[in-house]
Every structure is written in C-alpha cells, then in structure tokens.
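Notes for the structure review
Listed below are the residues making up each chain.
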Amino acid sequence: MKKIIYTAISLLLMNSMLHAQEKYSDTTEVVSIKEIILIGSHPQVHQKEPKPLGSIDEYLETSAKINMIKRGAYAWEPMLNGMTTERTVITIDGMRIFGACTDKMDPITSYVEISNLSEATISSGQQGAENGATIGGSIDLKRRKTGFNETGWKVGANTGGESNGEQKIVGAEVQYADNSFYFNTDFMYRDAENYKAGGNREVLYSQFTKYNFSAITGFKLSETQSVEGSFIYDEANDVGYPALPMDVSLARAIIGSVKYEHHQLSETIEHWETKLYFNTITHQMDDSKRPVVPIRMDMPGWSDTYGFYSKVNMSLDKHKLTANLNSFYNKSLAEMTMFPNDPNENDMFMLTWPDVRTLYTGLYLEDVIALTAHYSLQLTGSLGRHYNKVASTFGLQSLQIFYPEMTESKQRYLKSLSSQVLLNKKNMEYTLGMGYGERAPSVSEGYGFYLFNSFDGFDYIGNPNMSNEKSVEMNASIGFENKKWNAKLTGSYFHIMDYIIGKPDFSLSPMTIGANGVKVYEQLEYASLFNSDISIGYSLHKNWNWNGKLVFSYGRDNNNINLPLVQPLSYQTSLQFRKALFSIETELQGATKQQDFSPEFGENETAAYAIVNLSASQTLFLNRQKMTVKLGAENIFDTYYSTFSDWNNIPRRGRNLFVNLSYVIQ
Amino acid sequence: MKFIRAITILCLAIFTSCSTDSDEITPVNEVADLVKIQTMENDTHLVELYSIDGQLEQGYNKVSLRIKNKIGQKFVSDATLEWKPIMHMEATQHSCPVSEVTKKPGTESLYEGFIVFQMAENQTEYWTLTLNYAINGVDYTLTETINVPASTRRKVTVFTGTDDVKYILALIDPSEPKVATNDMSVGVFKMENMMTFPIVNSYKVKIDPRMPSMGNHSSPNNVDLTQSSADKFYHGKLNLTMTGYWKINLQLENALGEVIKGEPVGDTNEASSIFLELEF
Ligand SMILES: [Cu+2]
Ligand SMILES: [Cu+2]
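Nothing here was measured: the structure is a model prediction, and the numbers come from that model.

Some words on the overall build of chain B
- What chain B contains, in helices and strands, is one helix and 18 strands.
- A principal-axis box enclosing the C-alpha atoms of chain B has dimensions of 75 × 60 × 35 Å.
- Looking at the 280 residues of chain B, the share that counts as buried comes to 47%.
- Intrachain contacts of chain B at a sequence separation of at least 6 include 58% that bridge at least 24 residues.
- Surface summary for chain B: the accessible area is close to 14,400 Å², and the carbon and sulfur share equals 52%.

Structure below.
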C-alpha cells in the first residue's frame, strides 16, 4: 500500500480542478446564475474528482463563495458570502433543518454524507430566498438518486483511508432502477483518530466516528406523476472539538420526506411538486474526555422540524415562472446541567434554548424573462410570516430576568425582492443585480441564555426585542469563455441594516467560569460586506488544464471597525493532466496575512500560508465491473498553519496521504 | 329593568333558602393546606400548632394554631393571644422576634403569626413556646418544648452593626425559589434586650446573589430591599439564573444610607460577612 502511495506522489501531479462549475446560460435557454458544486458520487464527475470520498465540507470549501469555520476535524460550519448560518438558509432538497447545538457544533451539512448527495446549489443573496428568508444566500444540497431509468441493479463498495488522523472510510451501496420504480440505499462509515498539524504536532480531541444510512425510493403513478420517499439516518459519536471546551458524545439526525411530483400538468404548467417532511436532531455535548475542567457539565439539545413545500414551474411565452409556498414548524430546546465539585450541592440547571417554537410560512415567486436573444431578466419576490413562541414557562421566566416586559410570542413579516439582468453576447456574459431581504433573529440571537462562545470568551444573551435584519445588496459579474480560456469576475456588496451582533455589557457577570464577560445581542445601525472573486481557466493542451482563483473580501461595521471572520486575500491555483482513464493534479492554495481582524471577537492576526496538494487517479474497467483508485497527498510540505476561519486558531492538518477505492458491479 | 329585578329577587330567595339548609353541613376544614406540628395542652384546652410542612426550623416560620375546649371538643373562636418562645441556653435565656397572633382572615377558629428562631436547638439547649390567651375575660397559659432544628442553609443571620446594635435578619421569601425574577422579602429586627426584638424601620437591605461553586458569578437586575409600609418587611427582587446553591450576600444600610454591616463582593472579597443561602 505504501508503495502505491509513494509511486503516486513521485509522479508529477496535481489536483483539484475546481469542482465548482457554473452553469452558464446560453441563448436558447435562460438559466439563472447559480453555482453548482458537484459532489463526489455524482455520476458525471465520479472520475474527475480528486477525492471522491472527501467530506462534504471539503467539497463545499472549493467554492469561492464558501468558507468553512473549523472547530475540529468534523462538522465544519459553512459561511456563504462571509456570513454564518444565521444569515443563510441551508436545505437538503428544499427541506429546512436546524441544528440542535447551541455552540454550532452541528451545522446541517454534518448530518449528510457525500454518498447521499449529488450536488450543492449555491445561490447568492436574495436569489437564495426560495426556501426561506435569507441575507447571505442559500445552499441547497441535492439528494442523489438514480431516477426512473433502465439501469437495473447496481452494487458498489467504497473504501478509503487517510494517513493523517488514520481515517478509515467504508461505504456500500445498492441500487435498482427501472422505468417505473427505483430504490437506492447506501451506508457510509468513517472513523478517525486525532489528526496531526504540520511538524507532526498532534491536535488532541480531534477524533470522530460517523455512520450514515440513507434510502430513497420512487414509484411512478402514471407517465407524468410519481411519488418519492426519502430517509436519512446519521449518527456521530465521540466527536472531538479541539477548538472548544467540550466534545460531543452523540449527534443524531433522522430526516424523512415524502414527495409527490406531477410533470406536464398542462401546456404552461411544466412541473408541480409537493413535499412533506420532518426531521429530528439530538445533540449531546460531553466533557468527560477532558481531564481538567472547571466544572463538569451536560449540555443536550434537541431540534425537531416539520414542514412542507409546494412548488410550481410554469412557462408562458418569454416567461419562466416559479412559485413556491413553503412552511415549517421548528422546536428548539437545549439544557445545561452543571455538576458542582461539592457533591452535597444540588445540580445547577438552566435552559439555554427555552423550547422556542418557530412557525414560518412564506410564498416565493420568480419570473425569468427572456427579453431578447441576449438579454434576460430575473425577478424574485417573497413574503413570509415568522412567528416565535417560548413554550417553556421556565425558559420564559429565565429570560424575563433580562427582559421583564417580554411576552412569550413574537410575530414578524419578512420580505424579499430582487432583480438581475443577464446579457450574453458572443463569448461574454454580464450580470447585474440588486436585492433587498430581511431575516428574523436566530433562536440563539433572540432567546439564547448564557451561551458561551469560546472564541471571544463571552457568554451570550439573546435579545427578543430585536427588529428584522435588513439587507440591500448589489452584485455584478463578467464572464468570458472561448475554446482555450475562461474567466469570470464576480462581486457582491451587502449593506446590512440593523445588523445583529453581540456587544459586551460589562455590568453583567458571566456565568461560565473564566469567561471574559457577557455579550448581549443588539443591532448595529449597519454593516457592510463586500466579496469578490476572480477565476481563470486555461487549457494548455488537450490533456492539460490550468485554473486559478483569487478571493477578496471586506467587512466593516458602521464605525468602520472590522467585522469578525472576514477572509483575507486568498488564492488557489491548480494544474491538471488527464488522459483516458488516468488523471493527475497539483494544487497550490494559500492566503495572505489576515490584517483586518476583529479583536473584539477574539481574533488576532493570522499569518500568511501556502500549501501544496497532489493527487492521481486511475479507473479500470473489467466487463461489468469498474474500479477506480485515487491517491493523493495533501499539504505535502507538512506546513503548520491555520486560516482566518479556524476557531481559536486551531492548526490545520499537516501532511496527509489518502487513498480512495471504489468498486461497482452493474 | 323589571326583569332584572325579578331575577335578583329570585336569586336572593334561592340563596337564602340554601344558606338555611347548610346549617347542618359540617364546616369547611380550615387546616386543609396545613400540617400539624404538635398539640400542646393544659387542663382546659388543647392547642394545635400548624405550619405548611408540619415543622419548625431555624429562621422565619409562619405558624398557625387553633384552640379546642377539652369539654365539648369545640374550637374557640374569640380568644386573644400572645406567644413567647424562649431559648434555654446553658448560661442564659432569651426570646426571639415574633409577630402578634391574630385571627386568620376568613376563618372561624384559626390564629396565625410568625416566629423567627435565630438559633437552632442542640443537645443541651432548647426552645419552649409559651402561649398566654384569654377567652371571655378568663386568662389561660400553657408552655411546652418545641423542636427547632437547624436549617440546612442559612435562613437567618445575627450580627452586631457598627452602631453596636445587635440585629437579626431573616429570609421570608422566596420560600420556593425559581429560575426567574423572585419576589424577595426579609424581616429586620433589632435586639433591644433579651426578650424584646422590635422591627427595624427605614433601613435598606442591599443584595448580591452569587454562586460560589461557579466562579462566584452573580445575576443581573436585582432590586435592593426596602421596607413596605404594609407589612413592615423589606421587599425587593432577586434574580436566579439557574438552579443550585446561591449565596445572597447582604449589606445593611441605616436610614442615613450608611452601611452598618456587610461588605461589597468583588474580585478581592468573595463574600459579605452577612449573607443568606438558597438551594433548589
Ligand atoms: Cu454542541
Ligand atoms: Cu451558576
């Protein structure tokens, strides 16, 4: 095995073609500009992927619009356009799911596996408002399925290993599909020990174990009608979070849905689908593995969501219309029990999320108008009713300590509007867009009770009296593509009013032992965020491709003070050689020094870094059997580094060698 | 209008007839929410002592009682009473702060008041309760030993102020603390002599709740205790942000706003010299 890996490395390699592909509209069909990330098991990219068994997090991170906040090796939190999950909407096939951790240890993306998914659709700003109110945009993770086709039975197995962290990956899948029925099921298991940062420095508490099982099945009721049922069970145990004071003993999600689809209802109504779904998430934080803690505690959390959407696509002359009516009901509850060092004292108990119920109902409308052969216009609008209620009397009374006048419920309306023009001429494509959107405070921002943030060392108190956060955005892009070159420059600017952020109140005494103080959520007059990226691709030769990417971001509040978690100038470049079923890639990736950091959020200057990755793959066919071998080395020079989005500056992984094998019988 | 009058008369008629009927019905149980502590007795009467949980304890105690005639087994409804608890110490004797004993509003035979036991009994020292009462101009008395065990957490504190006066400060509420804004009340008494403990007026009790097992954190928005003209106790707001053991650090301020006992809690001072405790 070692020999194979070394051989692979000694080859001249390269990696990472951007997996991100953008769908460009052409004159015959108008497509809105959304970024699509194809995920490892996607049939179209299976052979192209440098690391098909990589985590979903690693896939998302390849997008210029996404950064991942890392608190360890597992469950990274995606930021879209520099905004964290409060300001974005992350869905799985349109389903709303909310993590059950008050410390954001379980973003939605941690409850799926690449084997469940085919792609991630990234919509920036208000173009992402279809599944709910957002500021930064949306990420919709699309489930993988064979669909109705005559592929029959297919059985596959995947296995992989990584040298750094000793990650072992085992997966299996069984599929059956014919013209009126399909059934896909898969299982994936990952188990990793502590990883090592550059220089062989072990990062304690970075282990994890994860199981994921998923099934999806569809029946045709008629030529145009079908029903689909989908189920995911995901469980992670013994997950270490080196950047945090606690680990996780259990993170479990059960996600289920039933969908009814009708194609070609009439001349104009092309497609109508309705989905009912539910999901239930259990999260158990645990400090039993930490030898020294000021006080032992248990922090379980639960989040249950029930929802539906009903979506119609219509085509009328030059108009392509979409309407989406959607609703969800979520129940978020989290507790904290602290065990005093004196066993004669009673346990200390509090509700950190006071059983908050959220009922959202919204209608989204979209019209894409083909004005001329080259011009198109996209208009979107949505209106939603957002209702919060604190269902626990205990929790309500706790919050009334801070807000004596607070009532148990609050209702608000969330509005969104956007327009975008797209001009497509010869090799050039231009877009220009504007938007307005609103969002409600998250459960933590509105109702959190002494939530400790280990980055700035403050306990956070929610504020139920906040108004909607509002955003005005502008975006523009220029793209060029010819036989050899493609290049794209995009920029988006968000002016966010009533920007929600925690601000210290030094009159308050922190609950967490050793904390720096208490921050209460409040609203800044405004904050500004700007993101831009440029990507260039060049095919040197029929087998050689070169790609480059540069990302620049900026974020300031109304006093021109830096916002937290703003990406410094970052770059990535890769060279790829592909011939027949063999491919090899090398990648250089890095960032300049982070000078614009937020000391108030606990950030400090993050040094510049650069790392080099290599990978190679070979696919073999043998009758009806197909085997793909991928080998690679990440951070081959074993650089010790951390990025701006590494929580508490935990160092990233040092040199890592990986092998991914997949075997399929069809 | 006429109709309403007719209805009124009809109602009155029904009501009157009903109340005549109910003469035979046994009276409501006036001690339904209470638990008996003990029955004391002399030649003529039995006196039943009650409290919420059937016990007395060091600190503030709300006590109810009723007097039963030994002859006829009827409860007395027209007594005037006073009570005197006495602590029998090895070298001396003293009493404690008490209220008057008055008829409980809305009852026929129940009398109530409070007693603040500033000390608990021990192996050699104990409390007795003397009841002096008069019925129809005839005086009676009765004395018995009562049990006053120590409270698990501090509910009363005794101290000498910078004015050389000895004070007794007792926690009344919250008797059932919650994670919420609790109404807090204390009684402040001064020791005039061994037997007299009048209520102190126009002072202020500053509070600072802390959790010593959690880095001594506090809670926000507490309201210091000031005297109410109605019950003469000191009332304020106590915020408890979680369950567990809380130490309520105190400072007693006199009418001039001078602190006569207690110190502020801070980085260098973990607790005040006077405090009360709550655990839930
Ligand atoms: Cu957690
Ligand atoms: Cu505490």
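Considerations on the overall build of chain A
- Tallying secondary structure elements over chain A gives four helices and 34 strands in all.
- On C-alpha atoms alone, chain A measures out to a radius of gyration of 24 Å, which is about the 26 Å that the 2.2 N^0.38 rule sets for 666 residues.
- When its C-alpha atoms are laid out on the principal axes, chain A stretches across 70 × 60 × 50 Å.
- Sorting the 666 residues of chain A into buried and exposed places 60% on the buried side.
- Relative to all contacts within chain A whose residues are 6 or more apart in sequence, the contacts with residues 24 or more apart total 66%.
- Of the roughly 26,000 Å² of accessible surface on chain A, a fraction of 59% belongs to carbon and sulfur atoms.
- Each charge class in chain A was averaged separately, 60 positive and 73 negative side chains, and the resulting centres sit 7 Å apart.

Notes on the interface of chain B and chain A
- On the side of chain A, 23 residues touch chain B, which itself brings 22 residues to the contact.
- Summed over both sides, the interface of chain B with chain A buries roughly 1,700 Å², with 60% coming from carbon and sulfur.
- At the surface where chain B touches chain A, the tally comes to zero salt bridges.
- The interface formed by chain B and chain A contains seven residue pairs in polar contact (both at pLDDT 80 or more).
- Residues of the side of chain B that touches chain A, tallied by class, amount to nine nonpolar, 10 polar and three charged.

Details of helix 3 (residues 393-400) of chain A
Residues and elements named next belong to chain A.
- Those residues of helix 3 lying buried are G395, L396, S398 and L399. Down the axis of helix 3, the buried side of the element spans an arc of 160°, and every buried residue falls inside it.
- For helix 3, the elements touching its buried residues are strand 20 (348-370), strand 21 (375-390) and helix 4 (443-447).
- Between the side-chain oxygen of the N-cap and the backbone nitrogen of F394 there are 3.3 Å, and the N-cap of helix 3 in question is S392.

Comments concerning the coordination of the copper ion (ligand 1)
All names here are of chain A.
- Only C101 (SG), M105 (SD), H283 (NE2) and M285 (SD) from the protein reach the copper ion (ligand 1) as donors, at distances of 2.1 to 2.7 Å.
- Each of the four donor atoms around the copper ion (ligand 1) contributes to a set of angles spanning 85 to 128°, which defines the coordination as irregular.
- The motif formed by the donor residues of the copper ion (ligand 1), counted along the single chain, is C-x3-M-x177-H-x1-M.
- The buried category is assigned to M285, whose relative accessible area is 2%.

Points about the coordination of the copper ion (ligand 2)
Residues and elements named next belong to chain B.
- In the first shell of the copper ion (ligand 2), the protein supplies M211 (SD), M214 (SD), H217 (NE2) and M242 (SD), at 2.1 to 2.7 Å from the metal.
- If you look at the copper ion (ligand 2), its four donor atoms make angles of 94 to 133° with each other, and the shape they trace is tetrahedral.
- Within one chain, the residues serving as donors to the copper ion (ligand 2) are arranged as M-x2-M-x2-H-x24-M. A residue pair is termed long-range when its members are at least 10 positions apart, and H217 in the loop between strand 13 (204-210) and strand 14 (223-227) and M242 in the loop between strand 15 (234-239) and strand 16 (245-253) qualify at 25 residues. Accessibility assignment for this pair places H217 and M242 in one class, buried.

Some details on the sheet that holds strand 1 (residues 35-41) of chain B
All names here are of chain B.
- Here five strands make up an open sheet; going across it, the order is 1-2-3-7-6 and the pairing antiparallel. At either end of the open sheet lies a strand with only one pairing partner, and these are strand 1 and strand 6 (102-103).
- Two strands pair when backbone bridges link them, and strand 6 and strand 7 (residues 111-117) are joined in this way by two bridges, in the antiparallel orientation. Its bridge partner being in strand 7, K103 is matched across the sheet by Y111.

Quick look at unusual backbone geometry
- Backbone torsion omega between D173 of chain B and P174 of chain B reads 0°, so that peptide bond is classified as cis.
- By the element assignment, P174 of chain B lies in the loop between strand 11 (166-173) and strand 12 (181-190).
- One non-glycine residue with positive phi stands out, namely D238 of chain A, at about 50°.
- By relative accessible area, which is 30% here, D238 of chain A ends up partly exposed.

Some remarks on the confidence of the model for chain B
Residue and element names in this part refer to chain B.
- Chain-level pLDDT for chain B is 90 on average; 90% of the residues reach the 70-or-more range.
- Low pLDDT, under 50, characterises residues 9-24; the stretch is placed with zero contacts to residues that sit more than four places away or in other chains.
- The complex model carries a pTM of 0.87, and its ipTM stands at 0.85.

Things to note about the domain arrangement of chain B
Residues and elements named next belong to chain B.
- On domain assignment, one finds that chain B holds domain 1 (35-146) and domain 2 (156-279).
- Inter-centroid distance (C-alpha atoms) of domain 1 to domain 2 is 28 Å.
- The interface of domain 1 with domain 2 comprises 15 residues on the first partner and 11 residues on the second.
- Interface area, domain 1 with domain 2, both sides summed: about 1,100 Å², of which 81% is carbon and sulfur.
- At the surface where domain 1 touches domain 2, the tally comes to zero salt bridges.
- Summed over the shared surface of domain 1 and domain 2, the number is one residue pair in polar contact (both at pLDDT 80 or more).

Some details on the sheet that holds strand 9 (residues 138-146) of chain B
Residues and elements named next belong to chain B.
- If you walk across this open sheet you meet the four strands as 5-4-8-9, and the pairing is antiparallel. Each having just a single partner strand, strand 5 (93-94) and strand 9 make up the two edges of the open sheet.
- Bridge analysis of strand 8 (residues 126-135) against strand 9 gives nine bridges, and the strand direction is antiparallel. Paired with T128 across the strands is T145, a residue of strand 9.

Focus: the packing of aromatic side chains
Residue and element names in this part refer to chain A.
- Enumeration over the complete set of coordinates arrives at 31 aromatic pairs over all chains.
- Ring plane angle 70° and centroid distance 4.7 Å describe the contact between F455 and W647, whose orientation is recorded as edge-to-face. Linking F455 in the loop between strand 24 (451-453) and strand 25 (458-461) with W647 in the loop between strand 33 (625-634) and strand 34 (656-665), this pair joins segments that are 192 residues apart in sequence. Each member of the pair, F455 as well as W647, carries the same accessibility label: buried.

Rules behind the numbers
Residues numbered from 1 in each chain as written. Chains lettered and ligands numbered in written order. Predicted model: local features only at pLDDT ≥ 70, side-chain atom pairs only at ≥ 80, totals over all residues. Heavy atoms only, no water. Helix = DSSP H or I, 4+ residues; strand = E, 2+ residues; numbered from the N terminus. Buried < 20%, exposed > 50% of the residue type's maximum accessible area, 1.4 Å probe, protein only. Contact = heavy atoms within 4.5 Å. Areas by Shrake-Rupley, 256 points an atom, 1.4 Å probe, with all protein chains shown as cover. Rg over C-alpha atoms; globule rule 2.2 N^0.38 Å. Lys, Arg positive; Asp, Glu negative; His and termini not counted. Charge placed at Lys NZ, Arg CZ, Asp CG, Glu CD. Buried area = accessible area lost by both parts, 1.4 Å probe. Salt bridge = Lys/Arg side-chain N within 4 Å of Asp/Glu carboxyl O. Polar contact = N/O pair within 3.5 Å; in protein donor to acceptor, adjacent residues only side chain to side chain. Nonpolar A, V, L, I, M, F, W, Y, C, P; charged D, E, K, R; others polar. Arc of directions from axis to C-beta. Donors = N, O, S within 2.8 Å, 3.2 Å for Na, K, Ca; no water. Tetrahedral: all angles 85-135°; square planar, octahedral: opposite > 155°, others 65-115°. Pairing = 2+ DSSP bridges. pLDDT = per-residue confidence, 0-100. Domains from an automatic or database assignment. Phe/Tyr/Trp six-rings, centres within 6.5 Å; stacked < 30°, edge-to-face > 60°.

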